[in-house]
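# Fold and contact review
So the chains spell out like this:
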Amino acid sequence: MYSSGPPTDPPAEGAYELFSRGMGFLRDGHPHQAAMLLGRAKLIEPDKASIREALGRALYMSGRTAPARREFAKVVQIEPASDYAHFALALACERTGQRTRAIGHLKLAIAMRPGTEDYERALERLAG
């Protein structure tokens with residue numbers, strides 16, 4: 001016999017599914033859509049550095065640099081040895097007028113991964 005109860009909701013998407021879909025939007029150049037999905041993933045897994053880094057990228061790419069800076073700062077807090085997180089935080093700090101903080105994070109990124117041209121060019125631009 002069939003149940004006559006209320007319809008059930010489809011299963012909620014997990015953090016991994018939201019992250020994967022968000023990354024797809026990010027790769028395809030749709031940062032606003034990516035930020036929506038990655039923001040939902042962050043609610044499920046708030047201490048997952050990969051989700052916060054991707055969300056920071058999506059926010060940065062969509063022109064929301066202050067929220068992006070907060071996400072990258074959290075990634076640095078979660079994974080202090082991530083050179084890319086320091087680099088991304090530096091770029092967001094630069095865009096939000098925090099030049100001295102940006103230079104400090106760029107120097108850390110370069111110390112962690114010497115010879116990375118993007119890091120060195122950004123430091124030259126800021127320090128010059």
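Above this text is the structure in question.
Quick look at the structure, then.

About the thresholds
- Sequence order as written defines residue numbering, which begins from 1 separately in each chain.
- Totals for whole chains, interfaces and linings use every residue, but because this is a predicted model, local features are given only for residues with pLDDT of at least 70 and side-chain atom pairs only at 80 or more, for both listing and counting.
- Side-chain descriptors were evaluated using all non-hydrogen atoms of the structure, hydrogens and water having been removed beforehand.
- The salt bridge definition used is simple: a Lys or Arg side-chain nitrogen within 4 Å of an Asp or Glu carboxyl oxygen.
- Only DSSP runs of H or I reaching four residues or more are called helices, and only runs of E reaching two or more are called strands; each is numbered from the N terminus.
- Categorising residues by exposure relies on relative accessible area from a 1.4 Å probe, with only protein chains included: less than 20% of the type maximum marks a residue as buried, more than 50% marks it as exposed, and the intermediate range marks it as partly exposed.
- Pairs were defined over the aromatic rings of Phe, Tyr and Trp, the Trp ring being its six-membered one, requiring ring centres within 6.5 Å. Orientation was assigned from the angle between planes: stacked under 30 degrees, edge-to-face over 60, tilted for the rest.
- Residues count as neighbours in contact if any of their non-hydrogen atoms are within 4.5 Å of one another.

## Description of the pattern of salt bridges
Scanning all chains against the criterion turns up eight salt bridges. The residue arginine 40 makes a salt bridge to glutamate 13 at a minimum N-O spacing of 3.5 Å. A residue pair is termed long-range when its members are at least 10 positions apart, and arginine 40 in helix 2 (residues 31-44) and glutamate 13 in the segment before helix 1 (15-27) qualify at 27 residues. Residue glutamate 117 is joined to arginine 121 by a salt bridge in which the shortest nitrogen-to-oxygen separation is 3.3 Å. You can see glutamate 117 and its partner arginine 121 sitting in helix 7 (residues 117-127), four residues apart, about one turn around the helix. For glutamate 117, a relative accessible area of 55% gives the class exposed. Since its relative accessible area comes to 45%, arginine 121 is described here as partly exposed.

## Considering the packing of aromatic side chains
Taken as a whole, this structure holds two aromatic pairs when the rule is applied. Arranged with centres 6.1 Å apart and planes meeting at 55 degrees, the rings of tyrosine 84 and phenylalanine 87 form a pair that is tilted. Residue tyrosine 84 and its partner phenylalanine 87 are located together in helix 5 (residues 83-95), separated by three residues, close to a single helical turn. Under the relative-accessibility criterion, phenylalanine 87 is labelled buried at 11%. One aromatic cluster is present, formed by Tyr84, Phe87 and Tyr119 through successive ring pairs.

## So, the side chain of histidine 86
One can find histidine 86 in helix 5. Accessibility expressed as a relative area gives 5% for histidine 86, which makes it buried. Not counting residues up to four positions away in its chain, the partners in contact with histidine 86 are Val76, Pro80, His105, Leu108, Ala109 and Met112.

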